Amino acid sequence: MTANNQQRLYDIVPIPNKGTGVIATQDIAKGTRIMAEKPLFIVPTNVMERGNQVVEKHLTEKLKTLDKDQQRAFLSLHNCHGTTFSPFLAICKTNMLGLGSPPVGGGLFIEASRINHACNPNTQNSWNSRISRETIHAVRDIKKGEEITISYIGHFAAYVERQSILKIKFNFDCACELCSLPPDQRRASDERLATIHRLDQAILSAGSNVKLGLGMVRRMLSLLDDEGTYNSQVYRAYYDAFQMMAATDDKARAGELIRMALEHARTVEGNDSETVKNFERLAANPTRHMAWGLYGRKKTQETAPADKDSRAFKTWLWME
């Protein structure tokens, strides 16, 4: 679902104890594209790898190409680093968003950079290389007046680690909903996140033992649901399961799993992302996957149960 280009779904306003942030100006349905913003400029990865002096020179050159309004907008962005770095570099280190995974660089966005952090945010931010824009999609229903949030850090980190990363990189103590849970609920969340991380690392090591691998994916998806997490981790888990079925020449399960991955990718990245286009090609013909039949070919193929909502279908799909 994509918002009408004429319909702005958010406003940038002061947020108590956070400076500036972004709030929904109307109810926003899960899967809606809230923003699609071109970067003010990009700092390529190969420039960032050469150190702060090279980055600062690059920034100075880029800023000279901007008009006065753009320069003012850049200078109005938050600087969490004080005088540790030069003003230009500090603003970029505070606000830059990675472009892709692995990132091809960092992008500076006047509006998307205003979105504050939450450890379990209500949107997914993604770099869409096909349209050269940073997109923001609602990963759950957002109410009018609710703050729109993204995550500044990677997945899986437990409370203490998240607090440490955010303090070091952005100089704040996170008091989001997840970090504000009562101690017993926070410990339960930490345990779920640790298990999700272990499963994510172990899934593909299952190799040809696809029943074991499917069990790991199924468990991971259940824990993500318990955690209230709906982001790219979900479609990646389904895609991992699809790859297992592709390698074993299981056309029926592979077809179902890539369609599930596609459905979730469309929700968090939109219909025009590179991931979605790749999944669409595979959904049309799963045997296009490079690992198809890696573990051998089947003499006969199964047929999926017709009722996709039935317990029988789920039992069949996950080989339970």
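Everything below is about the structure shown above.
First things first, this report covers the structure right here in the doc. Since the structure is predicted, the reported quantities are computational estimates derived from the model, not experimental observations.

1. Focus on the environment of Val13
No. 1: Within the secondary structure layout, Val13 lies in strand E1 (residues 10-15).
No. 2: With 134 residues separating them along the chain, Val13 and Glu147 place their C-alpha atoms 9.8 Å apart.
No. 3: Aside from chain neighbours lying at most four places away, what touches Val13 is Gly19, Thr20, Gly21 and Ile23.

2. Focus: the packing of helix H2 (residues 52-64) against helix H4 (residues 87-95)
Two measures define how a pair of helices packs: the angle their axes make with one another and the distance between the axes.
No. 1: Contact geometry of H2 with H4 gives a least axis separation of 9 Å together with a crossing angle of 95°. Here H2 is positioned roughly perpendicular relative to H4, judged by the angle of their axes. Facing H2, whose interface residues are Asn52, Val55, Leu59, Thr60 and Leu63, H4 presents Phe88, Leu89, Cys92 and Lys93.
No. 2: Considering only residue class, the contact of H2 with H4 consists of six nonpolar, two polar and one charged.

3. What to know about the sheet that holds strand E9 (residues 133-138)
No. 1: Spatially, E3-E9-E8 is the arrangement adopted by the three strands of the open sheet, whose pairing is antiparallel. With one partner strand each, in any of the chains shown, strand E3 (33-37) and strand E8 (123-128) form the two edges of the open sheet. When strand polarity is set aside, the average angle formed by the axes of neighbouring strands in this sheet is 15°.
No. 2: The pairing of E3 with E9 spans four bridges and is antiparallel. Within E9, the residue paired with Ala36 across the bridge is Thr135.

4. A closer look at the state of the cysteines
No. 1: Taken as a whole and assessed by the stated rule, the structure comprises zero disulfides.
No. 2: Here Cys119 is not disulfide-linked; the sulfur of Cys179 is the nearest cysteine sulfur, at 3.6 Å.
No. 3: Residue classification places Cys119 among the buried residues on the basis of a relative accessible area of 15%.
No. 4: The exposure class of Cys179 is buried, given its relative accessible area of 5%.

5. Some remarks on the packing of aromatic side chains
No. 1: Within the structure shown, the criterion is met by nine aromatic pairs.
No. 2: When the centroid spacing of 5.7 Å and the interplanar angle of 85° are considered together, the rings of Tyr235 and Phe279 count as edge-to-face. Taken together, the residues span a long stretch of sequence, with Tyr235 in helix H8 (residues 232-247) and Phe279 in helix H10 (residues 274-284) at a distance of 44 residues. For the pair Tyr235 and Phe279, one class covers both residues: buried.

6. Here's the deal with the sheet that holds strand E2 (residues 19-24)
No. 1: Taken in spatial order, the four strands line up as E1-E2-E10-E7 in an open sheet, and their pairing is mixed. A strand with exactly one partner marks an edge of an open sheet, and here the two such strands are E1 and strand E7 (116-117).
No. 2: Alignment of E7 against strand E10 (residues 147-150), held across two bridges, turns out to be parallel. Bridge pairing links Asn116 to Thr149 in E10.

7. A word on the pairing of E9
No. 1: In terms of residue burial, E9 counts as a mostly covered element, since five of its six residues are buried.
No. 2: Summarising the sheet, E8 and E9 pair through six bridges and their orientation is antiparallel. Counted as the bridge partner of Thr123 is Ala138 from E9.
No. 3: What sits between the antiparallel neighbours E8 and E9 is a turn of four residues, in which Ser132 has the positive phi angle 55°.

8. Looking at the environment of Phe242
No. 1: Tracing the backbone shows Phe242 in helix H8.
No. 2: Relative accessible area serves as the criterion here: at 0%, Phe242 is assigned to the buried category.
No. 3: Between the alpha carbons of Phe242 and Arg8 there is a distance of 37 Å; along the sequence they are 234 residues apart.
No. 4: With near-sequence residues (within four places) excluded, Phe242 lies in contact with Ala254, Leu257, Ile258, Leu282, Pro286 and His289.

Rules used throughout
- Residues numbered from 1 in each chain as written.
- Predicted model: local features only at pLDDT ≥ 70, side-chain atom pairs only at ≥ 80, totals over all residues.
- Heavy atoms only, no water.
- Helix = DSSP H or I, 4+ residues; strand = E, 2+ residues; numbered from the N terminus.
- Contact = heavy atoms within 4.5 Å.
- Axes fitted to C-alpha atoms, helices over the stretch in contact; angles between N-to-C directions.
- Parallel < 35°, antiparallel > 145°, perpendicular 65-115°, else oblique.
- Nonpolar A, V, L, I, M, F, W, Y, C, P; charged D, E, K, R; others polar.
- Pairing = 2+ DSSP bridges.
- Disulfide = S-S within 2.5 Å.
- Buried < 20%, exposed > 50% of the residue type's maximum accessible area, 1.4 Å probe, protein only.
- Phe/Tyr/Trp six-rings, centres within 6.5 Å; stacked < 30°, edge-to-face > 60°.

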